[in-house]
Amino acid sequence: MKASVIGATGYAGVELLRLLDGHPEAEIAVITSESSTGEAIVSMYPHLSGRIEKNLQSMQELDAIAAASDVIFIALPHGHAMKIGKQLRGSKTKIIDLGGDYRFKDYHVFEQWYKVKHEDPEAQAVYGLTELFRDKVLGAQLVANPGCYTTCSILALVPLLKYKLIETKGIVIDAKSGTTGAGRSLKAGSLYCSVNESFKAYGVASHRHTPEIEQIYSEFAGEDVVIQFTPHLLPVDRGIYATCYAQLKQGVTDAQIEEAYQAMYGDEFFIRLRGKGVCPELKNIRGSNYVDLGWQTDKRTGRIIVMNCIDNLVKGAAGQAVQNMNVMFGIDEAAGLRQLPLVP
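Rules used throughout
Residues numbered from 1 in each chain as written. Predicted model: local features only at pLDDT ≥ 70, side-chain atom pairs only at ≥ 80, totals over all residues. Heavy atoms only, no water. Salt bridge = Lys/Arg side-chain N within 4 Å of Asp/Glu carboxyl O. Helix = DSSP H or I, 4+ residues; strand = E, 2+ residues; numbered from the N terminus. Buried < 20%, exposed > 50% of the residue type's maximum accessible area, 1.4 Å probe, protein only. Pairing = 2+ DSSP bridges. Contact = heavy atoms within 4.5 Å. Axes fitted to C-alpha atoms, helices over the stretch in contact; angles between N-to-C directions. Arc of directions from axis to C-beta.

K.L.:
Could you clarify how one ought to interpret the pattern of salt bridges in this entry?
P.N.:
Two side chains of opposite charge can pair, provided their charged atoms sit close to one another. Evaluation of the coordinates by the stated rule reveals 17 salt bridges. The salt bridge involving R103 is made with E212; its shortest N-O contact spans 3.3 Å. Separated by 109 residues along the polypeptide, R103 in the loop between β4 (94-97) and α5 (107-114) and E212 in helix α9 (residues 209-221) bring together distant segments of the chain. Taking the relative accessible area as the measure of exposure, E212 reaches 0% and is therefore buried. Here D254 ties to K299 by a salt bridge, and the two come within 3.5 Å at their closest N and O atoms. Taken together, the residues span a long stretch of sequence, with D254 in helix α10 (residues 254-265) and K299 in the loop between β12 (291-298) and β13 (303-310) at a distance of 45 residues. Here D254 falls in the buried class, since its relative accessible area comes to 18%. Each member of the salt-bridge network shares a partner with another, and the members are E15, R18, R238 and D311.

Put into structure tokens, the structure is as follows:
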């Protein structure tokens, strides 16, 4: 498969290059960057030396890039993918968007939360949280890769919502992200002196991943779900950690909870069910496509606390995109993604 990466110099883009380079059935065709057109990717990322010796092109020749590609990954901020998707409508090239442009069934929700007019509202995109929508991804031409916070938070509670074990009211998600989640562009809040030895919340009651999580929760619950979602910035490079709180329905037992998780995830290669009483740790998923999930019930409050963690650049972005590519082309879903986490 010939794969091209539009926006290859961002953190998600360069992570895609790392994973595609080690993929047994993929070849990197074209890599682009509008700000660094003509430069060698290794001049920006020396760790790629000797492996990916390509110069960055402009995406202005989009039709030519599509003609040279079986699949195009779009690793750009929101607002760009919709233009690319619209231009390539009817092309045989498959598209996987790592941004937010195609994640919502109702494009008006996108416009409300992202404050941008949607330029491709008629697109038929599949939401690419692979473990939940694998059958739809298989036949998709355009896949919307989920966000990092959303992947972590959705996987944590969907089994409990599907099997009606928790109340749909009062769900609280307390989530933390490594600084790569803020992207590679220069931002005062992401500088070393701003992040090191510190910890803070941001986007309180207004983060754009909120409606994305609510959309999938509602689909599995069979009713509208409204959540309280608060993200925080951790002084680490990689990782998403979501601690999710929900009220258990009357009479729900620990055995029922375990059965629900086993029913949905027991056979999933990348989801590692740690079980009751286990608190996952970011260090155990770093650099991998794995999801580590643990939970505990609080008999005093009648709540369940689900703890879930992923690498935001792998399962939260590039890894899940490659996983979706594998499904779209009908090959081993774990191809190119079997790396164990980096420890220490």
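Now, onward.
K.L.:
Please explain the sheet that holds strand β9 (residues 227-233) as it appears in this structure.
P.N.:
Sheet strands line up and pair through hydrogen bonds in the backbone, either parallel or antiparallel. The mixed open sheet is built from seven strands, whose spatial order is β8-β9-β7-β10-β13-β12-β11. Across the chains shown, the open sheet's two edge strands, defined by having one partner strand only, are β8 (200-201) and β11 (271-276). Of the pairings in the sheet, the one linking strand β7 (residues 171-177) to β9 comprises seven bridges and is parallel in character. Its bridge partner being in β9, D174 is matched across the sheet by T230. Contacts from α9 reach β7 and β9 within the one sheet, and its direction differs from that of β9 by about 135 degrees.

K.L.:
Looking at this structure, how should I read helix α6 (residues 130-138)?
P.N.:
Each α-helix winds once per 3.6 residues, and so residues spaced three or four apart point in a common direction. What α6 keeps buried is the set T130, E131, L132, F133 and V137. The buried side chains of α6 occupy one side of the element, clustering within an arc of 165 degrees when seen end-on.

K.L.:
Would you explain the pairing of β9 in this entry?
P.N.:
Of all seven residues in β9, six are buried, a share of seventy percent or more. Pairing geometry for β8 and β9, over two bridges, is antiparallel. Each bridged residue has a counterpart across the sheet, and for K200 the counterpart in β9 is L233.

Remember that the coordinates give geometry; whether it matters functionally is a separate question.
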